[in-house]
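What follows is the residue order along each chain.
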Amino acid sequence: MKHLIASIVFICAFVSAYAQTTPVQKKISVTGTAEMEIVPDEIYFRVVIKEYQKDKTKVPLEKLEKELNQAVTSAGITKENFTVEQVAGLSWSRKRKTDAELYNSKSYIIKVSEPSKMDQILDNVNAESIYSVSIRNYSHSKITELKKQLKIEAIRAAKAKATYLLEAIDEKIGGAIEISEYDNVAFPQAVYTSNYIAPQANVAYDGLYSSSGSDSDIGFQKIKLQFQVNATFAIQ
């Protein structure tokens, strides 16, 4: 028992002595940020075409599709950027009453690099065939590379901040002890508008662009990228 007590006392004394001789690592914790606004170059429009009456005769969906295809091709849109999203009412032609008739519709997703391309397409399509036009989503073709660039800038900003803060008190920065990141990417709600106005009720037009007047001045809402890095550095 005496030997056990002696051992415990020796260990406690050793630990206490080691703690007193080991210096506490001085450190500094800072935050670095970097941000950027970019104009989208990948915009996905949802366009719905629908049959309509002309001179008491229904204009068939096949004709509307052909017209839209020609307009898309003329605008320089490739096949992979022009896809069918949904088809409605093509498989049946039941009538609720003698003067009622089903009007078929079809929705497409059109990917463009700038909104003016969509205006160009709509200018070459009969307005009565367009049931609705809306922006489904948008992004940037190099958003991954841009995010990486901003993260590097954020950590460099953190290191620069730690460096000048320590220089103010005659200290020098050491190696990094801990690094954590936080990203904030904002995609503003986009709504499509232009001088084109479709006659059917479901087309929404509401100040979507930031514009200074003419069509050539139209600009799309920007994507805001912001990254924050929390970093802890040793003090030499």
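None of these values were measured; they are calculated from a predicted model.

S.K.: Account for the overall build of the protein, naming residues and giving values.
M.R.: What the protein contains, in helices and strands, is four helices and nine strands. Going from N to C terminus, the protein has its helices and strands arranged as α-β-β-β-β-α-β-β-α-β-α-β-β. The 236 residues of the protein split such that 32% are buried. Pairs at least 24 apart in sequence give 83% of the contacts found in the protein among residues at least 6 apart. Total accessible area on the protein stands at roughly 15200 Å², and carbon and sulfur atoms take up 51% of it.

S.K.: Which residues make up helix 2 (residues 61-74), and what values go with them?
M.R.: Between its first and last C-alpha, helix 2 extends 20 Å over 14 residues, near the 20 Å set by a 1.5 Å rise per residue. Residues Leu61, Leu64, Glu65, Leu68, Ala71 and Val72 constitute the buried set of helix 2. Angular distribution of buried residues about the axis of helix 2 spans 130 degrees; they occupy a single face of the element. Set apart from the buried face of helix 2 by more than 90 degrees, the exposed residues are Glu62, Lys63, Lys66, Thr73 and Ser74. Note on helix 2: the residue one or two positions beyond its end, Gly76, has a positive phi of about 85 degrees.

S.K.: Help me get a handle on the side chain of His140, residues and values and all.
M.R.: Note that His140 resides in the loop between strand 7 (130-139) and helix 4 (143-167). For His140, the side chain forms a polar contact with the main-chain nitrogen of Lys142, separated by 3.0 Å.

S.K.: Report on the sheet that holds strand 1 (residues 27-38), specifying residues and quantitative values.
M.R.: Spatially, the three strands line up as an open sheet ordered 1-9-8, and their pairing is antiparallel. Strand pairing shows two members of the sheet lacking a second neighbour, strand 1 and strand 8 (173-186), which therefore form its edges. Strand after strand, the sheet turns through a mean of 15 degrees between neighbouring axes, direction not considered. When strand 1 meets strand 9 (residues 223-235), the two strands line up antiparallel, connected through twelve bridges. Opposite Ser29, over in strand 9, you have Thr232 as the bridge partner. Each of strand 1, strand 8 and strand 9 is contacted by helix 4, which is oriented at about 145 degrees to strand 1, the strand it contacts most.

S.K.: So, the pairing of strand 2 (residues 42-50): which residues are in play, and what are the values?
M.R.: The pairing of strand 2 with strand 7 spans eight bridges and is classified as antiparallel. Across the sheet, residue Arg46 finds its bridge partner in strand 7, namely Ser134. Direction of pairing for strand 2 relative to strand 6 (residues 105-112): antiparallel, over a ladder of eight bridges. Opposite Lys50, over in strand 6, you have Ser105 as the bridge partner.

S.K.: Tell me about helix 3 (residues 115-123), and name the residues and values.
M.R.: Burial in helix 3 covers these residues: Pro115, Met118, Asp119, Ile121 and Leu122. On an axial view of helix 3, the arc spanned by its buried residues comes to 160 degrees, and they lie on one face. Looking at the buried residues of helix 3, the elements they touch are strand 2, helix 2, strand 6 and strand 7.

S.K.: Would you mind going over the environment of Asp183 in detail, with residue names and values included?
M.R.: Tracing the chain through its elements places Asp183 in strand 8. Of the residues examined, Asp183 reaches a relative accessible area of 42% and is grouped as partly exposed. For the pair formed by Asp183 and Ala34, sequence separation is 149 residues and the distance between their alpha carbons is 9.8 Å. Not counting residues within four places of it along the chain, the set of residues in contact with Asp183 comprises Gln226 and Phe227.

What counts as what
Residues numbered from 1 in each chain as written. Predicted model: local features only at pLDDT ≥ 70, side-chain atom pairs only at ≥ 80, totals over all residues. Heavy atoms only, no water. Helix = DSSP H or I, 4+ residues; strand = E, 2+ residues; numbered from the N terminus. Buried < 20%, exposed > 50% of the residue type's maximum accessible area, 1.4 Å probe, protein only. Contact = heavy atoms within 4.5 Å. Areas by Shrake-Rupley, 256 points an atom, 1.4 Å probe, with all protein chains shown as cover. Expected span 1.5 Å × (residues − 1). Arc of directions from axis to C-beta. Polar contact = N/O pair within 3.5 Å; in protein donor to acceptor, adjacent residues only side chain to side chain. Pairing = 2+ DSSP bridges. Axes fitted to C-alpha atoms, helices over the stretch in contact; angles between N-to-C directions.

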